[in-house]
Amino acid sequence: MKTIGLDINKALGAITKEQVYAWEGKANACNALLENGNGAGNDFLGWMHLPSSITEAELADIEDTARILRSQCEVIVTIGIGGSYLGTKAVIEALNNSFDWLQAKRENPVLVYAGHNIGEDYLYELTEYLKGKRFGIINISKSGTTTEPALAFRILKKQLEDTLGKEEAKQRIVAITDARKGALRTLADQEGYKTFIIPDNVGGRFSVLTPVGLLPIAVAGISIRELVAGAVSMEKATDVSVPFAENLAAIYAATRNELYKSGKKIEILANFHPKLHYIAEWWKQLYGESEGKDGKGIFPASVDLTTDLHSMGQWIQDGERTIFETVISVETPDHKVEVPMDEADLDGLNFLAGKRVDEVNKMAELGTQLAHVDGGVPNIKITLPEVNPYYIGQLFYFFERGCGISGYMLEVNPFDQPGVEAYKKNMFALLNKPGFEKESEAIRAKL
Ligand code: PA5
């Protein structure tokens, strides 16, 4: 198996290689801080050696539960938000057949999501869709009181119980939550749901390789063993013992910090492979929540290309020069589609006849890279040999390790998210939640 690649050559120009390498000492020191646990937020470092410490028994338990759910249910609703949602969705979207869920003879149960919004129409349409279907629920929430998933679970649990009766419904609900505390833990213990644990020392956005991600991913029919194996290989490749010049996570962290210092305040994660859309959504949470604090942090944005070249291309090429681009490039797609010859050739595409669609895509990618670099957008390229569980496992761990190092280089605590509480406080005050009477008065005075 290969390793994913990182190429910063096309970022050089705006910054120099010497400037990137000037961060070597700090990047290594920050990687060591992660390893020895002496940095800020060190009670949330459980993700660091998660891949290499998952046991055979844990994997087998997840796979057994996935097998039971797959045999019992034609639809699985995965409930969760933020770190309890995006990693799972990203892996499944990247690796499953895009049209599997539309096919009558599917290999896998249909996976649908809830609890990641408060859309009344969304919930109505979901409950309508579930009517008459054999469905199960994987409810993921560390706290059990996050409004969005708690609301969705309350509604869907009732629907399941009304359809099957309480006892039967219990067999179709799995809770992934804290080992001891929280509302979902209490309910799961009372009801006797099958449960999995989110370790105390793993924050939501770093939790994809815990049961949070692994159970739904296994339900989707994806090999969690290959995913974990890929992550293990990247855990080794980004270890503190690996010299800076060979350590992909350290180089990525140093390059983006140097670009930030030089005035590039926005990082756009781009892909030319539409199935990677949600990888970017997960990455935005990872870097946004980890670095955007204390008045600092690169703003993480994303585009799907070539799609968004027809909407955001103008801005990227020609707008304010405060951006850099990190492109995830896939070397070999899974399937082959050739451009057919057309006698009339009204679209003028016969010059492409016999070529693979991927060759056209690759030239679009190269042409875009050259145009953007010429337009003053430094470019970092991450190469994925293939989109398979192994390389996706590598990619996830690479970004996580890079994020930990980068956050420490920026001198923030990459493992907290105090800013997320502000909207919740206002929402609870506006909804007159008991205990928020004071805030309620204060906020109403502002309206
Ligand atoms: O990264 C985070 O910590 C957040 O995104 C949480 O994962 C998210 O808010 C969900 O929280 P919980 O799992 O407690 O419902």
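Residue positions are given per chain, counted from 1 along the sequence in the order it is written. pLDDT decides what is reported in this predicted model: residues at 70 or higher carry local features, side-chain atom pairs at 80 or more are listed and counted, and totals for whole chains, interfaces and linings draw on all residues regardless. Side-chain measures were taken over the full set of non-hydrogen atoms in the model, leaving aside hydrogen atoms and water.

**Student:** Got a minute to help me understand the sheet that holds strand S7 (residues 266–271) in this structure?
**Tutor:** Each strand in a sheet pairs with another by means of backbone hydrogen bonds, the pair being arranged parallel or else antiparallel. In short, DSSP must find at least two bridges between two strands for them to pair. Each helix is a run of H or I in the DSSP string that is no shorter than four residues. Each strand is a run of E no shorter than two, and both are numbered from the N terminus. The 5 strands lie next to each other as S1-S10-S9-S7-S8, forming an open sheet whose pairing is mixed. Of all the strands in the sheet, just strand S1 (5–7) and strand S8 (299–304) have a single pairing partner and so form its edges. With strand direction ignored, the average angle separating the axes of adjacent strands in the sheet is 20 degrees. Pairing of S1 with strand S10 (residues 379–386) involves 3 bridges; the strand directions are antiparallel. Across the sheet, residue Gly5 finds its bridge partner in S10, namely Thr383. We call two residues in contact whenever any of their non-hydrogen atoms come within 4.5 Å of each other. To obtain an axis, a line is fitted to C-alpha atoms, over the contacting stretch when the element is a helix, and the angle between two such axes runs from 0 to 180 degrees between their N-to-C directions. Contacts between helix H13 (residues 277–291) and the sheet are confined to S7, S8 and strand S9 (323–332), with S8 contributing the most and set at about 175 degrees to the helix.

**Student:** Any chance you could explain the site of the ligand here in plain terms?
**Tutor:** Only a single heavy atom is needed: when it lies within 4 Å of a molecule or strand, its residue is near that molecule or strand. For the ligand, the set of nearby residues contains 13 residues, the closest of which are Ser141, Lys142, Ser143, Thr146 and Gln285. Residue Ser84 places a side-chain N or O atom 2.9 Å away from an oxygen atom belonging to the ligand. Where accessible areas are quoted, they stem from the Shrake-Rupley method and a 1.4 Å probe; at the residue level, only the protein chains shown are allowed to cover. For the ligand, the accessible surface in isolation is 380 Å², of which the surrounding protein chains cover 86%. Cavity means a closed set of points on a 1 Å grid over the protein atoms alone, one where a 1.4 Å probe fits but cannot get out, pocket means an open set with protein on both sides within 12 Å along at least 5 of 7 lines, and lining means a residue has an atom within 4 Å of a point. Should more than half of a molecule's atoms lie within 2 Å of a pocket's or cavity's grid points, that molecule is taken to sit in it. Structurally, the ligand is housed in the largest pocket. Identification of polar contacts relies on pairs of N or O atoms within 3.5 Å, with a donor-acceptor requirement for protein atoms, meaning one able to donate a hydrogen and the other able to accept it, and with residues adjacent in sequence counted only if both atoms are side-chain atoms.

**Student:** What am I meant to see in the nonpolar core here?
**Tutor:** In this text, buried Ala, Val, Leu, Ile, Met, Phe, Trp, Tyr and Cys residues form a nonpolar core when linked through side-chain atoms within 4.5 Å. Three exposure classes are used, based on accessible area relative to the maximum for each residue type with a 1.4 Å probe and protein chains only: buried under 20%, partly exposed in between, and exposed over 50%. Membership of the largest hydrophobic core comes to 94 residues, with the highest contact counts inside it found for Leu384, Ile392, Phe398 and Phe399. Broken down by element, the residue count for this core peaks at 12 residues, all from helix H16 (residues 389–409). Structurally, this core is a two-domain feature, drawing no fewer than three residues from each of domain 1 (5–41 + 228–418) and domain 2 (50–226). Excluding anything up to four places from it in sequence, Phe399 contacts Tyr252, Leu269, Trp282, Trp283, Leu286, Tyr287, Ile328 and Ile382. Judged by nonpolar contacts, the second largest core, of 21 residues, contains Val77, Ala152, Phe153 and Ala175. Domain limits in this description derive from either an automatic procedure or a database domain assignment.

**Student:** What am I meant to see in empty space enclosed by the protein here?
**Tutor:** One way to see where empty space is left: roll a probe the size of a water molecule over the atoms. Grid points are joined across faces, edges and corners, and a volume is the space filled by probe spheres set on the points. One pass over the structure, following the stated rule, counts 3 cavities of 30 Å³ or more. Looking at the largest cavity, its volume works out to about 90 Å³. Around the largest cavity, the lining residues are Phe272, His273, Ile328, Ser329, Val330, Thr332, Pro333, Asp358, Asn361, Lys362 and Glu365. Among the secondary structure elements, those contributing two or more residues to the lining of the largest cavity are S9 and helix H15 (357–374). Along the lines of polarity and charge, the residues of the lining of the largest cavity split into 4 nonpolar, 4 polar and 3 charged. In this structure, the second largest cavity spans a volume of roughly 40 Å³. Forming the walls of the second largest cavity are Gly83, Gly87, Thr88, Gly204, Arg205, Phe206, Ser207, Val208, Val212 and Trp282. Only Asp, Glu, Lys and Arg are considered charged in this grouping, and only Ala, Val, Leu, Ile, Met, Phe, Trp, Tyr, Cys and Pro are considered nonpolar; every other residue, Gly among them, is considered polar. Of the residues belonging to the lining of the second largest cavity, the class tally is 4 nonpolar, 5 polar and 1 charged.

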